[in-house]
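Commentary on secondary and tertiary structure
Okay, here's what each chain looks like letter by letter:
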Amino acid sequence: MSVGGNFVDNVVIVGGGTAGWMTAAALSHKFGTSGAQITLIESEEIGTVGVGEATLPHIRFFNAAMGIDEAELMARTQATFKLGIEFAGWGKPGESYIHPFGDYGEPHDGIAFHHLWTQQRLAGNHKRLCEYSLPVMMAEANRYTMPDPDPAALLSTFGYAFQFDASLYAAYLSQLSQGRGVKRVEGKITHANRNGENGRIDSVVLENGTVIDGDLFIDCSGFRGLLIEQTLATGYEDWSHYLPCNRAFAVQCEPSDPIGPYTRATARKAGWQWRIPLQHRIGNGHVYCSDYISDDEARSILLDNLEGAPITEPRQLFFKTGRRNKLWNGNVVAIGLAGGFLEPLESTSIHLIQQGITALVEMFPTDASMDADAEEYNAMMQLEFDRIRDFLVLHYVANQREGEKFWDDMRAMEWPASLKEKVTAFVQSGIIPRYDVGAFLPPSWLAVFVGQNILPQGYDPRLDRFDANQIAREVENLRSRIAGTVDGLPVHMDFVRGHCPGNISPAL
Ligand SMILES: Cc1cc2nc3c(=O)[nH]c(=O)nc-3n(C[C@H](O)[C@H](O)[C@H](O)COP(=O)(O)OP(=O)(O)OC[C@H]3O[C@@H](n4cnc5c(N)ncnc54)[C@H](O)[C@@H]3O)c2cc1C
């Protein structure tokens, strides 16, 4: 059987970073050896972007769908568990909060827990919302265990992701994909040949003269967007006015205790610093806006704030936040950095790669024109990007770092209209509109709202039908159950050493 009903016999993936190999793994798994020939071209000389170590829980479903053994993958990629992200200094300087992968509390008669918390808060109970979140309490206490599959169990109320070495992940997927028939070609593409009639890409040409034909091209060539932009000039929607950070320095350092089950994002003078602890080292980086700070100062801020001795030279990266006007143009689909970039504040890039691949598999070309598939794909992926953009912007506009030029300007910026509506609904009545599409569900929005002191002034009026003292007891009972449960859990790295100790053997 040919993939897509004979319309696509040759799929060419341009690029072998995380995006390229995730795409190759998924397509080869989905269509097997009886489908189209899948060829991936990568250039060792050009290399990959070499960062991107924190993930979202969705990646587990991607791996599981491909039959990957999770503990083995974690061992091979030196992975640790991730229960969320700590945001330090994003509200008031000195304050911090964790955006967890999981729920807050339990609903009461169908009323979301944060309404109960608001009722209690307005009545004078000032316990932190996060004390009702198991994953936050686990992260703060540096504890970890696997979720309980029984949905009634308290230990089922969290999700987890990984902090891993993304280059090892790509290498793992490369071996897996080649084992499933993907053809890997090493070489530098110099240009693409376009069809004289319809402008689509017929083939790409390597430096050594080899011509590789394709019906469908997946552009995973990174920021340069070799096909989608350099060849097709698709255009880029620039979001720098919302998210002006445009540079980063990245450096790895020696591990230091504790290696907690979470990523940290610390607000700095004109941007923020990430800390991603793996089993054998810590990944660090400083994302900043070059209009407010020099490269030298940005580099010094990073190096002055490491927890261990650096083990690599700081590397500088340049980017512009935004996305392509079309992620699928003609017979080219851009996945990964070739499609767009949103700063890694909420670890969303690999997630967007995954969404792009899932949508591609679902909408794989069913007719020669591909236009209907492309239209649907673009509408869906644009919404994914837009929703994440709004969520990231929220972190910036809701800062309370008064007197610092960058942060003052962030507070004063024009908010996206969609974000303004969401915040207004929450402040007035505690309502968090739920999107059908998008990486972040209401508990994530709640975490950032409350973590950055955007607090609801009202709660669901249905709550007044119940005895407030009874609710207070219920809420307190949950808080102490969470605290007691966390006390009994293993220390995160003890769990990791027992479950998936690091192993970098290259053999599958
Ligand atoms: C500062 C920073 C921090 C980040 N942190 C995170 C994070 O914590 N979590 C997360 O999910 N994401 C993060 N990301 C994003 C993440 O790094 C990328 O989404 C991910 O690595 C995918 O990159 P890619 O495969 O699209 O591109 P790349 O890694 O750049 O790969 C491009 C590929 O194309 C090939 N190529 C390019 N041109 C040619 C040519 N002419 N011929 C042949 N081959 C070619 C290259 O050799 C390479 O194989 C971060 C990004 C940045 C910039």
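Thresholds applied
Residues numbered from 1 in each chain as written. Predicted model: local features only at pLDDT ≥ 70, side-chain atom pairs only at ≥ 80, totals over all residues. Heavy atoms only, no water. Helix = DSSP H or I, 4+ residues; strand = E, 2+ residues; numbered from the N terminus. Rg over C-alpha atoms; globule rule 2.2 N^0.38 Å. Buried < 20%, exposed > 50% of the residue type's maximum accessible area, 1.4 Å probe, protein only. Contact = heavy atoms within 4.5 Å. Areas by Shrake-Rupley, 256 points an atom, 1.4 Å probe, with all protein chains shown as cover. Lys, Arg positive; Asp, Glu negative; His and termini not counted. Charge placed at Lys NZ, Arg CZ, Asp CG, Glu CD. Core = buried A, V, L, I, M, F, W, Y, C linked by side-chain atoms within 4.5 Å. Salt bridge = Lys/Arg side-chain N within 4 Å of Asp/Glu carboxyl O. Pairing = 2+ DSSP bridges. 1 Å grid on protein atoms, 1.4 Å probe; cavity = no way out; pocket = protein on both sides within 12 Å on 5 of 7 lines; lining within 4 Å. Points joined across faces, edges and corners; volume = space filled by probe spheres on them. Nonpolar A, V, L, I, M, F, W, Y, C, P; charged D, E, K, R; others polar.

Here we come to the overall build of the chain. A count of helices and strands for the chain gives 14 helices and 21 strands. The globule rule puts the C-alpha radius of gyration for 508 residues at 23 Å, and the 23 Å found for the chain is close to it. When its C-alpha atoms are laid out on the principal axes, the chain stretches across 75 × 50 × 50 Å. When burial is assessed residue by residue, the chain has 56% of its 508 residues classed as buried. In the chain, the proportion of contacts linking residues at least 24 apart, taken out of those at least 6 apart, comes to 77%. Summing over all exposed atoms, the chain offers an accessible surface of approximately 20,100 Å²; the carbon and sulfur share of this is 49%. In the chain, 42 positive and 62 negative side-chain charges are present, and the distance between their average locations comes to 3 Å.

On to the nonpolar core. Ranked by internal contacts, the top residues of the largest apolar core, which has 150 residues, are Trp90, Ile335, Leu360, Tyr377 and Tyr396. With 11 residues, the single largest contributor to this core is helix H9 (residues 371–397). The residues touching Tyr377, leaving out its near neighbours within four places in the chain, are Leu327, Trp328, Val333, Ala334, Ile335, Gly356, Ala359, Leu360 and Met363. Ala192, Ile201, Ile212 and Ala338 belong to the second-largest nonpolar core, a separate cluster that totals 18 residues.

All right, on to the pattern of salt bridges then. A complete count under the given rule lists 30 salt bridges for this structure. Arg184 serves as the salt-bridge partner of Glu42, at 2.6 Å between the closest nitrogen and oxygen. Placement of the pair is Glu42 in strand E2 (residues 37–42) and Arg184 in strand E7 (residues 183–186), with a sequence separation of 142 residues. With a relative accessible area of 29%, Arg184 lands in the partly exposed category. Residue Glu307 pairs with Arg275 through a salt bridge whose shortest N-O separation is 2.9 Å. Pair noted here: Glu307 is in the loop between helix H7 (295–304) and strand E17 (315–318) and Arg275 is in strand E15 (residues 271–277), with a separation of 32 residues, a long-range link. One network of salt bridges, in which partners are shared, links Arg128, Glu131, Glu140, Glu476 and Arg479.

To continue, consider the pairing of E2. For E2, the buried fraction is high: five of the six residues fall into the buried class. As paired elements, strand E1 (residues 10–14) and E2 share five bridges and run parallel to each other. If you follow Val14 over to E2, its bridge partner there is Ile41. Both E2 and E7 contribute to a ladder of four bridges, which runs parallel. Residue pairing in the sheet places Ile41 in a bridge with Val185 of E7.

Let us now look at the layout of surface pockets. Empty space within the second largest pocket amounts to approximately 470 Å³. In terms of lining, the second largest pocket is formed by 20 residues, of which the most central are Pro57, His58, Phe101, Gly102 and Leu441. At the level of secondary structure, the elements contributing two or more residues to the lining of the second largest pocket comprise helix H2 (58–65), strand E5 (96–100) and helix H12 (442–451). The dominant element in the lining of the second largest pocket, judged by the number of residues it contributes, is H2, at three residues. Among the residues making up the lining of the second largest pocket, the classes are represented as 10 nonpolar, eight polar and two charged.

All quantities given are derived from atomic positions and should not be read as evidence of function.
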